[in-house]
Amino acid sequence: MKDLPKILIADDDETFCYVLKEQLLESNFEVAIALNGQKLIELTRKSVFDIVFLDLQMPGTPGMELLTQLSAEYPALPIIILTGENEAKKAVECIRRGAYDYVVKPYDFEELLVLIGRALEHKELKIRSSVLDTLAEAQGNNSIVGSSPALQQMLALAGKAAKSASNILIQGETGTGKELMAEFIHKNSPRASRPFVVINCASLPDQLIESELFGYEKGAFTDAKNSKQGLVEIANGGTLFLDEIGELSLALQPKLLRFLENGEFRRIGGLSNIHSDVRVISATNRDLMNEADSKNFRRDLLFRLNVITLEIPPLRDRREDIIELANHFITKKSPIRSRKVLAEEAKQILNGYQFPGNVRELEHIIERAMIFSEEGVINAKDLFISNTQGQTIPPQQVNESGSVPIHTTVLVKTIDEIEMEHIQSTLKEFGWDQTKTAATLGISQKTLYNKIKKYNLKEGY
Ligand SMILES: Nc1ncnc2c1ncn2[C@@H]1O[C@H](COP(=O)(O)OP(=O)(O)OP(=O)(O)O)[C@@H](O)[C@H]1O
Ligand SMILES: [Mg+2]
């Protein structure tokens with residue numbers, strides 16, 4: 001069972017604390033009380049809270065200072081000021097220092113509940129936006145498309161696995177949809193309303209992964225000017241997604257193992273153990289059994305991670321999904337009310353292609369084809385796929401039927417360069433009017449915006 005959301009009430013008025021506590025308990029929250037600032041800090045170090053109610057006037061450290069300290073240490077934690085002081089200036093100052101909201105006593109409990117609901121939601125969003133830019137792409141449209149028996153079987157299994165509390169390892173080649181699957185599992189689990197936190201073990205150096213994962217105490221190392229909460233703490237009650245787990249160094253593996261064994265960890269430089277309740281989903285495109293055989297991955301860690309293993313088949317082994325996915329991406333990237341269609345010949349080429357980059361590659365092929373195609377139809381030549389060699393190739397080398405001349409050896413430009421120029425010249429033609437450019441290219445404004453960012457296109461060049 002996952003934990004209930006935990007609320008900490010910090011107020012020196014004991015009666016007030018107990019009344020609010022009773023009300024919150026009845027609404028299914030876990031509640032702790034701190035009657036002064038020192039206790040407040042002590043409690044936040046011991047367990048992970050989802051919301052803090054903070055009074056501004058308590059004996060000892062001034063409330064404002066506590067607010068500043070807490071919001072620096074726990075950037076994702078909503079702190080709601082609950083005070084007798086009805087002063088607009090104070091309220092503004094609190095918000096400036098990171099408070100989530102400012103409520104004047106006496107409170108209306110129904111309103112407080114609505115505020116709590118919003119704060120919990122906001123907490124999740126904040127975690128996503130501050131730490132997880134990797135999720136941005138998947139968030140837009142995260143339905144899993146494909147009716148092939150292979151994918152449907154996977155989804156049925158994933159749905160069952162989601163309901164259990166076990167850790168899950170998702171295996172699959174690059175671009176098969178592992179991250180999408182992890183999100184699907186989280187959303188279908190009893191933890192769906194709690195944070196989904198992602199860390200990519202391949203994109204950060206060792207030291208940073210450790211401090212991101214477990215957090216640190218002020219002074220633990222030269223740059224640690226303030227204490228900071230780690231992702232395992234932030235993910236409390238929810239799911240931690242460890243992407244590219246196969247890249248986790250041998251030095252960090254035992255630290256993760258320790259946490260998986262009992263849910264306890266220490267911040268770097270910290271003296272006390274903190275408990276956090278997380279379900280771990282990890283993903284890899286490596287064969288971790290092999291890695292364990294060759295001593296690159298600890299076997300004991302692998303057994304903790306892969307209580308359930310889900311293997312996403314490569315796209316070439318579930319060809320029924322190809323056209324369905326292609327149409328899904330066309331719809332996703334089209335302007336409203338005008339949607340290009342795939343010509344029969346284009347479908348044939350897609351159906352015969354190997355897709356070494358799997359669904360992600362298909363997505364890119366479609367996106368590019370939409371930019372190059374004319375008059376509402378995506379033809380074979382717009383795909384830039386060699387139907388014989390299973391590679392995408394630059395357009396100069398593709399003839400009308402989409403096949404490749406055999407003796408072409410000199411690559412003049414990459415497809416990306418050609419796409420970039422095509423977009424740039426269309427933008428120029430319309431004086432950088434993005435609405436007109438997107439309409440002419442037959443893509444949505446969002447897709448155009450992403451391309452401008454990708455190629456770093458600037459007006460006036
Ligand atoms: N079945 C699917 N339905 C819809 N979109 C999909 C599907 N599978 C993958 N995608 C899309 O393809 C892209 C790649 O998917 P994702 O990032 O989940 O793959 P991955 O296996 O994590 O890749 P990598 O190994 O490179 O990290 C994403 O934009 C994702 O939304
Ligand atoms: Mg991934």
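Note that this is a predicted model, so its numbers are computed, not measured.

(A) Quick look at the overall build of the protein chain. Of regular secondary structure, the protein chain possesses 20 helices and 16 strands. Looking at the protein chain residue by residue over its 461 residues, the buried ones come to 51%. In the protein chain, of all internal contacts separated by at least 6 residues, the share reaching a separation of at least 24 is 68%. Total accessible area on the protein chain stands at roughly 22000 Å², and carbon and sulfur atoms take up 51% of it.

(B) Looking closely at the pairing of strand β7 (residues 196–200). Where burial is concerned, most of β7 is hidden: five out of the five residues are buried. Here β7 shows a buried face lined by F196, V198 and N200 and a second buried face lined by V197 and I199.

(C) Here's a closer look at the environment of A99. Residue position: A99 is located in the loop between α4 (88–96) and β5 (101–104). Sequence-wise, A99 and I79 are 20 residues apart; in three dimensions their C-alpha atoms are separated by 5.1 Å. Beyond its immediate sequence surroundings of up to four residues, A99 is in contact with L67, I79, I81 and C94.

(D) Main features of the nonpolar core. One finds L350, L362 and L383 to be the most contacted residues of the largest nonpolar core, which totals 36 residues. Those elements giving two or more residues to this core turn out to be α14 (320–333), α15 (344–352), α16 (358–372), α17 (380–383), α18 (415–429), α19 (434–441) and α20 (445–454). In terms of residues, this core owes the most to one element, α16, which gives seven residues. If sequence neighbours within four positions are ignored, L350 has contacts with R319, I322, I323, A326, L342, F355, L362, I365, I366, L383 and I385. Of all hydrophobic cores here, the second largest spans 31 residues; its members include V232, L240, L248 and L288.

(E) Summary view of the pairing of strand β6 (residues 168–171). Burial along β6 is two-sided: the face carrying I168 and I170 and the face carrying L169 and Q171 are both buried. Bridging between β6 and strand β14 (residues 308–311) involves four bridges; their strand directions are parallel. What sits directly across from I170, in β14, is L310.

(F) Local environment of the packing of aromatic side chains. Under the defined criterion, the tally for this structure stands at eight aromatic pairs. For the ring pair F16 and Y107, a centre distance of 5.8 Å and an interplane angle of 80° mean the geometry is edge-to-face. Taken as a pair, F16 in helix α1 (residues 14–26) and Y107 in the loop between β5 and α5 (109–131) lie far apart in primary sequence, 91 residues in all. F16 gets classed as buried once you look at its relative accessible area, which sits at 14%. Note on F214 and F259: the rings are 6.5 Å apart at their centroids and 70° apart in plane angle, and the pair reads as edge-to-face. With F214 in helix α9 (residues 206–214) and F259 in helix α11 (residues 253–262), the pair connects residues that are 45 residues apart, well separated along the chain. An aromatic cluster is defined as three or more aromatic residues linked by ring pairs; in this entry it consists of F214, F259 and F265.

(G) The site of ligand 1, seen in detail. Lining the immediate environment of ligand 1, one finds 17 residues, of which V145, T174, K178, R360 and E363 sit closest. Between ligand 1 and the protein, one listed contact pairs an oxygen atom with a backbone N or O atom of L180 at 3.1 Å. In this structure, an oxygen atom belonging to ligand 1 sits 2.8 Å away from a side-chain N or O atom of R360. Protein contacts shield 93% of the accessible area of ligand 1, which totals 630 Å² for the unbound molecule. Listing elements by their share of the shell around ligand 1, those giving two or more residues are α8 (178–187), α14 and α16.

(H) The pattern of salt bridges, seen in detail. Throughout the structure, instances matching the rule amount to 31 salt bridges. Note that R318 and D321 form a salt bridge whose closest N and O atoms lie 3.3 Å from each other. The pair formed by R318 and D321 is uniform in burial state, with each residue classed as buried. One salt bridge connects K381 with D382, and the closest N-O pair in it is separated by 3.2 Å. Accessibility expressed as a relative area gives 25% for K381, which makes it partly exposed. What emerges from the salt-bridge pattern is a single network uniting K332, K333, E363, E367, E419 and K451.

Definitions and limits used
- Residues numbered from 1 in each chain as written.
- Chains lettered and ligands numbered in written order.
- Predicted model: local features only at pLDDT ≥ 70, side-chain atom pairs only at ≥ 80, totals over all residues.
- Heavy atoms only, no water.
- Helix = DSSP H or I, 4+ residues; strand = E, 2+ residues; numbered from the N terminus.
- Buried < 20%, exposed > 50% of the residue type's maximum accessible area, 1.4 Å probe, protein only.
- Contact = heavy atoms within 4.5 Å.
- Areas by Shrake-Rupley, 256 points an atom, 1.4 Å probe, with all protein chains shown as cover.
- Core = buried A, V, L, I, M, F, W, Y, C linked by side-chain atoms within 4.5 Å.
- Pairing = 2+ DSSP bridges.
- Phe/Tyr/Trp six-rings, centres within 6.5 Å; stacked < 30°, edge-to-face > 60°.
- Near = heavy atom within 4 Å.
- Polar contact = N/O pair within 3.5 Å; in protein donor to acceptor, adjacent residues only side chain to side chain.
- Salt bridge = Lys/Arg side-chain N within 4 Å of Asp/Glu carboxyl O.

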